[in-house]
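Below, each chain spelled out in residue letters.
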Amino acid sequence: MDRRSLIKNAGIAGVLAAGVAPAVHAQAAIRWRLASSFPKSLDTIFGAADTFAKKVNEMSGGKFTVSTHAAGELMPAFGVVDGVQNGTVEVAHTAPYYFFGKDETFALGCAIPFGLNSRQMTAWMYDGNGLKLMREFYTKYNIVNFPGGNTGCQMGGWYRKQIKSAADIKGLKFRVGGFAGKVIERMGGVPQNIPGGEIYQALEKGTIDAAEWVGPYDDQKLGFNKVAPFYHYPGWWEGGPQLDFFVNQKALEGLSAENRAIVECAAAFAHTEMQAKYDARNPTALKQLVGAKTKVLPFPKDVLDLAFKESMALYSDLSAKNPSWKKVYDDYSSFRRDSNLWFRFTEARFDSFMQAQKL
């Protein structure tokens, strides 16, 4: 009896009993490296990369591992797109709007001033056209993106001097993340794009007049309240900033269907967990900051009005000269309009009522 007939007639038990080893093709272990744009001290935002790596390892039974590396370990914080594009690393975890200098369209995959809130952003990505459109755009960079977290609406930053009117923005040297700098510039400010790990020193030395990062939990860890007493809100440029896992296209295509699904599911888990952490931890941190004499103040209305006006004018200008921006923004803005109409009747009314109650 030949080997094939033996397997067919005896089954695996018979094969093993007969001492004939079946042909088994062991899958080689997969090891990826992940470059983050964030320092390890920020357990919420860097932590999403660790969560992603942990879930990939667990779901693969240890056959697929991802090592995580903080900003500066393998490459600079703002070098991760080049790293993924060139295949230096297989994956990066970052805020896409950091790379608006390459193309303004990057910002639409993260946050733009007066854009979508976090729930709207997730809806646009997963059930609207967001993921499809952004993946089409990222193809030119050899990148496939997976939503990788959201901070929720952020605070408006730390200021050495109080912002009392739009006039106070003029000449203000302001560390502001990504695309919002274009609007600050149109308002007369001087935007500075500085990695998170370098902000405190610049603010302390007076190299900059103000800085924004995320919100109370992260900002407290970075110690901004020690060098700038005024904490303005809201972060009108970051209503729902989404982070992404940028995966090298060839590396992803080289995975089995099972491992591609693992990457997708691990990213989705990290995406959900990040905002849960922020929503759970920011309230306590804000109380502690107020207890430490931080002055928490709303932006004056004329600041918001001017910022909105300049933002809309900027988007119109970009649509006229950048076809990639126009293609994505047309869909984004339509989704924003309809989503805000719905939220006006539900979330906004419910939230405003509840927040006025004594609980």
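Look a little higher up for the structure.
Please read all numbers here as calculations on a predicted model, not as lab measurements.

Draft legend 1. Up close: the sheet that holds strand E3 (residues 91–94). With mixed pairing, five strands are arranged side by side in an open sheet as E2-E1-E3-E10-E4. A single partner strand is all that each edge strand has here, and the edge strands are strand E2 (64–69) and strand E4 (143–150). In this sheet, neighbouring strand axes are inclined to one another by 25° on average, regardless of whether the strands run parallel or antiparallel. Here E3 runs beside strand E10 (residues 242–248); their pairing, made up of four bridges, is antiparallel. Note on E10: the bridge partner recorded for Val-91 is Val-247.

Draft legend 2. Main features of the side chain of Thr-94. In this structure, Thr-94 sits in strand E3. Since its relative accessible area comes to 0%, Thr-94 is described here as buried. Here Ser-37 takes part through its side chain, which lies 2.7 Å from a polar atom of the side chain of Thr-94.

Draft legend 3. Here's a closer look at the sheet that holds strand E11 (residues 295–298). Ordered in space as E7-E6-E8-E5-E9-E11, the six strands form an open sheet in which the pairing is mixed. Bordering the open sheet on either side are strand E7 (190–192) and E11, each of which pairs with just one other strand. Relative to E7, strand E6 (residues 173–175) runs parallel, the two being bridged by three bridges. Residue pairing in the sheet places Arg-175 in a bridge with Gln-192 of E7.

Draft legend 4. Representation of the packing of aromatic side chains within the structure. Under the definition given, this model contains 30 aromatic pairs. Between the aromatic rings of Phe-137 and Tyr-138, the centroid separation amounts to 5.5 Å while the plane-to-plane angle is 55°, which identifies the pairing as tilted. For Phe-137, a relative accessible area of 5% translates into the label buried. Judged by centre distance (4.7 Å) and plane angle (85°), the ring pair of Trp-236 and Trp-237 falls under edge-to-face. Given a relative accessible area of 1%, Trp-237 falls into the buried group. The residue whose ring lies beneath Lys-55 is Phe-269, and the NZ or CZ to ring-centre distance is 4.5 Å. Its end group placed over the ring of Phe-146, Arg-135 keeps NZ or CZ at 4.7 Å from the ring centre.

Draft legend 5. Inspection of the pattern of salt bridges at higher detail. Evaluation of the coordinates by the stated rule reveals 15 salt bridges. Note that Glu-310 and Arg-186 form a salt bridge whose closest N and O atoms lie 3.0 Å from each other. Of this pair, Glu-310 sits in helix H11 (residues 301–321) while Arg-186 sits in helix H6 (residues 180–186), and the two are 124 residues apart along the sequence. Of the charged contacts, one joins Lys-301 and Asp-305 as a salt bridge, the two residues approaching to 2.8 Å between their closest N and O atoms. Taken together, the positions of Lys-301 and Asp-305, both in helix H11 and four residues apart, correspond to about one turn of that helix.

Draft legend 6. How the structure looks around the state of the cysteines. Tallied over the entire structure, the rule returns zero disulfides. Free of any disulfide, Cys-110 has its nearest neighbouring cysteine sulfur in Cys-153, separated by 13 Å. On the accessibility criterion, Cys-110 (1% relative accessible area) is buried.

Draft legend 7. Focus on the environment of Ile-199. Mapped onto the fold, Ile-199 is located in helix H7 (residues 199–205). Separated by 147 residues in the primary sequence, Ile-199 and Phe-52 have C-alpha atoms spaced 27 Å apart. Apart from residues lying up to four places away in sequence, Ile-199 is in contact with Arg-175, Ile-194, Ile-208, Ala-211, Glu-212, Trp-213 and Phe-224.

Draft legend 8. Looking closely at unusual backbone geometry. Here the amide bond leading from Tyr-233 into Pro-234 is cis, since omega sits at -5°, within 30 degrees of zero. Here Pro-234 lies in the loop between strand E9 (230–233) and E10. With a phi close to 60°, Asn-142 is a non-glycine residue in the positive phi region. Located in the positive-phi region is Lys-293, a residue other than glycine, with phi close to 80°. Within the fold, Lys-293 resides in the loop between helix H10 (257–291) and E11.

Draft legend 9. Region of the structure containing helix H12 (residues 323–345). For H12, with 23 residues, the first-to-last C-alpha span of 34 Å sits near the 33 Å given by 1.5 Å per residue. The largest bend along H12 measures about 25° and falls at Tyr-329. Looking only at H12, the buried set comprises Trp-325, Val-328, Tyr-329, Tyr-332, Ser-333, Arg-336, Ser-339 and Phe-343. Packed against the buried residues of H12 are helix H4 (118–126), helix H5 (130–138), H11 and helix H13 (347–354). Two to three positions downstream of the cap, the backbone nitrogen of Ser-324 sits 3.0 Å from a side-chain oxygen, assigning the N-cap of H12 to Asn-322.

Criteria and cut-off values
Residues numbered from 1 in each chain as written. Predicted model: local features only at pLDDT ≥ 70, side-chain atom pairs only at ≥ 80, totals over all residues. Heavy atoms only, no water. Pairing = 2+ DSSP bridges. Helix = DSSP H or I, 4+ residues; strand = E, 2+ residues; numbered from the N terminus. Axes fitted to C-alpha atoms, helices over the stretch in contact; angles between N-to-C directions. Buried < 20%, exposed > 50% of the residue type's maximum accessible area, 1.4 Å probe, protein only. Polar contact = N/O pair within 3.5 Å; in protein donor to acceptor, adjacent residues only side chain to side chain. Phe/Tyr/Trp six-rings, centres within 6.5 Å; stacked < 30°, edge-to-face > 60°. Lys NZ or Arg CZ within 6 Å of the ring centre and 35° of its normal. Salt bridge = Lys/Arg side-chain N within 4 Å of Asp/Glu carboxyl O. Disulfide = S-S within 2.5 Å. Contact = heavy atoms within 4.5 Å. Expected span 1.5 Å × (residues − 1). Bend = angle between axes of the 7 residues up to and from the residue.

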